[in-house]
Amino acid sequence: MENRKKVAFYTLGCKLNFSETSTIARNFQDEGFDRVDFEEVADMYVINTCSVTENADKQFKQIVKKAMKLNDKAFVAAVGCYAQLKPEELAAVDGVDLVLGATEKFKITDYINDLSKNDMGEVHSCEIEEADFYVGSYSIGDRTRAFLKVQDGCDYKCTYCTIPLARGISRSDALENVLKNAYEISQQGIKEIVLTGVNIGDYGKGEFGNKKHEHTFLDLVKALDEVEGIERLRISSIEPNLLKNETIDFVSKSRTFVPHFHIPLQSGSNEILGKMKRRYQREVYVDRVENIRKVMPHACIGVDVIVGFPGETDEHFLETYNFLNELDISYLHVFTYSERDNTEAAAMENVVPMNVRYKRSKILRGLSVKKRRAFYESQIGTNRTVLFEGENKEGYIHGFTENYVKVKTPWNPELVNTLHEINLTRIDEDGSVRMEFLAINV
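Here the structure is a predicted model, which means the values were calculated and not measured.

1. What to know about the overall build of the protein
Here comes step 1: When helices and strands are tallied, the protein shows 13 helices and 19 strands.
Here comes step 2: For 442 residues, the compact-globule estimate of 2.2 N^0.38 gives 22 Å, and the protein sits close to it at 22 Å.
Here comes step 3: Counting only residues that meet the buried cut, the protein has 55% of its 442 residues in that class.
Here comes step 4: At a minimum sequence separation of 6, the contacts of the protein that also span at least 24 residues come to 72%.

Here it is as structure tokens:
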């Protein structure tokens, strides 16, 4: 029996990257590789990179170092967003043999020969204009929920963002293919699917290789709601201007879509939103939140916000803080602005000092803790459905309710990947919620 090669993967960044890593890993398995954990000795290590935060660059070097420590003869490949934006930089990192950009990453097995180390990283990255075809993907087998990619790329020109440079134009998977993938996932016993993409509200654009919108995001949501065997569907991040009120109404009555929305805001100041070239003003955001609350009072609403954008004065920041403080939302994802090459914002004046950025970030993270706590408290005494995850954390199993409340109960392996009706009883010291079972195995 010939010795099968082992390959390991490391994913930086977003849910979309996780779904694509899984697809790439399945390609390797089809080529006769065995997938192993990144902590194990492998013949090849593949790192799926991210370009959104500054840390992703530093992390990349540490991950390469870790791989080389496990096996200094291993072949190391970098793929993904950062590999598209700065291929030469990644190729120069000690130990890296291959760098593949936006379109090449899905053909990675075509680029590897005998896995012998290169003196210098070999680069294959296209002009981003060529990233105009769609590769569907979903992640499975890594967790109790699957990430299903429905869209890629972005046509927006936000002044701080490199994603259009890293992923190309907005394009969508064919509706038929999304439904096929969703059905395949449901056949594997996975209970929850999270829809993911770069700008999923733009779904339908480029579905047939042109710019026409044959289907809309609402069409997608309605069609997925009909797929047999899926217990739960979750929308990941969606732009406020693309989250239409018809979609909110449909989700409130839907069979499978859960009451959880993650809506990027980025700033509570209309002046800063204008500088960012966001496609809405804060009034639109208020309207969406109020509409969600009207039809789903118990919904979980998460918010992305950036602090320290060029020109953000103390007054602007205070405007954002007060706006968020008064808004009926459930938690925040806070990003400290960091300059990215080839973006408009990187050349803007009135740069906010780093220490001020960090201070503002800390203040908003404190607000997020307060918001999440208030949201959890509002849920105590209610009956919900929980899906349990697969990890034993210090003798407890954790899970999430449909409206994204994190619950815990003593570890029981039989609960993994099962849904149960529960009553939320109290908040634990660690911030998660304790529960009682109402019925075993819904």
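Once the structure has been displayed, the description carries forward.
2. Quick word on the packing of aromatic side chains
Here comes step 1: What the rule picks out here adds up to 11 aromatic pairs.
Here comes step 2: Arranged with centres 6.2 Å apart and planes meeting at 45°, the rings of Phe-375 and Tyr-376 form a pair that is tilted.
Here comes step 3: Phe-375 gets classed as buried once you look at its relative accessible area, which sits at 7%.
Here comes step 4: Each ring, one from Phe-400 and one from Tyr-404, has its centre 4.6 Å from the other, and the planes form 15°; the classification is stacked.
Here comes step 5: For Phe-400, a relative accessible area of 14% puts it in the buried group.

3. Some thoughts on the nonpolar core
Here comes step 1: If you look at the biggest cluster of nonpolar residues, it comprises 49 residues, and the most contacted ones within it are Leu-148, Leu-195, Leu-220, Leu-224, Ile-292, Leu-324 and Leu-364.
Here comes step 2: Sorting elements by how many residues they give to this core places helix α8 (residues 217-224) first, with 5 residues.
Here comes step 3: Look past the residues within four positions of Leu-364 in its chain and what remains in contact with it is Val-305, Val-307, Phe-317, Tyr-321, Leu-324, Leu-332 and Val-334.
Here comes step 4: Counting residues in hydrophobic clusters, the runner-up holds 24 residues, among them Phe-38, Ala-74, Ala-78 and Val-93.

4. Describing unusual backbone geometry
Here comes step 1: Of note in the backbone geometry, Asn-342 takes a positive phi value of approximately 65° without being a glycine.
Here comes step 2: You can see Asn-342 is positioned in the loop between β14 (331-336) and α13 (354-379).
Here comes step 3: A positive phi angle, close to 55°, is found at Asn-350, a residue other than glycine.
Here comes step 4: Within the secondary structure layout, Asn-350 lies in the loop between β14 and α13.

5. Observations regarding the sheet that holds strand β13 (residues 300-307)
Here comes step 1: Strand order in the open sheet formed by 3 strands is β12-β13-β14, and the pairing between neighbours is parallel. Looking at strand neighbours, the two that pair on one side only are β12 (260-266) and β14, the edges of this open sheet. Across the sheet, the mean angle separating the axes of adjacent strands is 20° when strand polarity is ignored.
Here comes step 2: By the bridge criterion, 6 bridges tie β13 to β14 in an arrangement that is parallel. From the neighbouring strand, Val-303 faces β14, where its bridge partner is Leu-332.

6. Let's talk about the packing of α8 against helix α9 (residues 245-253)
For any two helices packed against each other, the geometry is given by the interaxial angle and the distance between the axes.
Here comes step 1: At a closest axis distance of 10 Å, the pairing of α8 and α9 adopts a crossing angle of 10°. Considering their axes alone, α8 and α9 lie roughly parallel with respect to each other. Contact residues: Phe-217, Leu-218, Val-221 and Lys-222 in α8; Glu-246, Thr-247 and Phe-250 in α9.
Here comes step 2: Broken down by class, the residue content of the contact of α8 with α9 amounts to 4 nonpolar, 1 polar and 2 charged.

7. Side note on the sheet that holds strand β2 (residues 34-36)
Here comes step 1: What the 6 strands build is an open sheet, ordered β2-β1-β3-β4-β5-β6; its pairing is parallel. Two strands lie at the open edges of the sheet, namely β2 and β6 (122-124), each paired on one side alone. On average, each strand axis in the sheet is tilted by 20° relative to the strand beside it, whichever way the strands run.
Here comes step 2: Direction of pairing for strand β3 (residues 44-49) relative to strand β4 (residues 75-80): parallel, over a ladder of 6 bridges. What sits directly across from Val-46, in β4, is Ala-77.
Here comes step 3: Against the sheet, helix α1 (residues 15-30) contacts β1 (6-11), β2 and β3, and its axis sits at roughly 170° relative to β1.

8. Concerning the environment of Lys-61
Here comes step 1: Among the secondary structure elements, Lys-61 is positioned in helix α2 (residues 54-70).
Here comes step 2: Separated by 56 residues in sequence, Lys-61 and Lys-117 place their C-alpha atoms 17 Å apart.

9. Things to note about the state of the cysteines
Here comes step 1: For the structure on display, the rule yields 0 disulfides.
Here comes step 2: A disulfide-free cysteine, Cys-154 has its sulfur positioned 6.4 Å from the sulfur of Cys-158, the nearest such atom.
Here comes step 3: The thiol of Cys-300 is unpaired, and the distance to the nearest cysteine sulfur, on Cys-14, comes to 19 Å.
Here comes step 4: Classification of Cys-300 by relative accessible area gives buried; the value is 1%.

10. A look at the environment of Val-305
Here comes step 1: Tracing the chain through its elements places Val-305 in strand β13.
Here comes step 2: Taking relative accessible area as the criterion, Val-305 reaches 0% and is therefore assigned buried.
Here comes step 3: In the structure, Val-305 is positioned 32 residues away from Tyr-337 in sequence and 9.6 Å away in space, judged by C-alpha atoms.
Here comes step 4: Those residues within four positions of Val-305 in sequence are excluded, and the remaining contacts are Gln-266, Ser-267, Thr-320, Leu-324, His-333, Val-334, Phe-335 and Leu-364.

11. Side note on the pairing of β4
Here comes step 1: The buried fraction of β4 is high, at 6 of 6 residues.
Here comes step 2: With burial as the criterion, each face of β4 is covered, one bearing Phe-75, Ala-77 and Val-79 and the other bearing Val-76, Ala-78 and Gly-80.

12. Points about the side chain of Asn-17
Here comes step 1: Tracing the backbone through its elements, the reader meets Asn-17 in helix α1.
Here comes step 2: Of the polar contacts made by the side chain of Asn-17, one reaches the side chain of Arg-167; its length is 2.9 Å.

13. What to know about the side chain of Asn-199
Here comes step 1: For Asn-199, the location among the structural elements is in the loop between β10 (192-196) and α8.
Here comes step 2: Residues within four places of Asn-199 in sequence aside, it is in contact with Gln-151, Gly-153, Cys-154, Tyr-156, Glu-239 and Leu-242.

14. Observations concerning the pattern of salt bridges
Any two side chains of opposite charge can pair, so long as their charged atoms come close to each other.
Here comes step 1: Counted according to the given criterion, the structure contains 32 salt bridges.
Here comes step 2: One salt bridge in this structure joins Asp-97 and Lys-117, with 2.7 Å as the shortest N-O distance. Taken as a pair, Asp-97 in the loop between α4 (87-91) and β5 (98-100) and Lys-117 in the loop between α5 (108-111) and β6 lie far apart in primary sequence, 20 residues in all.
Here comes step 3: For Lys-117, a relative accessible area of 31% corresponds to the partly exposed category.
Here comes step 4: Across the pair Arg-282 and Glu-319 runs a salt bridge, and its minimum N-O distance is 3.4 Å. Of the two residues, Arg-282 is situated in helix α11 (residues 282-295) and Glu-319 in helix α12 (residues 314-326); the sequence distance between them amounts to 37 residues.

Rules behind the numbers
- Residues numbered from 1 in each chain as written.
- Predicted model: local features only at pLDDT ≥ 70, side-chain atom pairs only at ≥ 80, totals over all residues.
- Heavy atoms only, no water.
- Helix = DSSP H or I, 4+ residues; strand = E, 2+ residues; numbered from the N terminus.
- Rg over C-alpha atoms; globule rule 2.2 N^0.38 Å.
- Buried < 20%, exposed > 50% of the residue type's maximum accessible area, 1.4 Å probe, protein only.
- Contact = heavy atoms within 4.5 Å.
- Phe/Tyr/Trp six-rings, centres within 6.5 Å; stacked < 30°, edge-to-face > 60°.
- Core = buried A, V, L, I, M, F, W, Y, C linked by side-chain atoms within 4.5 Å.
- Pairing = 2+ DSSP bridges.
- Axes fitted to C-alpha atoms, helices over the stretch in contact; angles between N-to-C directions.
- Parallel < 35°, antiparallel > 145°, perpendicular 65-115°, else oblique.
- Nonpolar A, V, L, I, M, F, W, Y, C, P; charged D, E, K, R; others polar.
- Disulfide = S-S within 2.5 Å.
- Polar contact = N/O pair within 3.5 Å; in protein donor to acceptor, adjacent residues only side chain to side chain.
- Salt bridge = Lys/Arg side-chain N within 4 Å of Asp/Glu carboxyl O.

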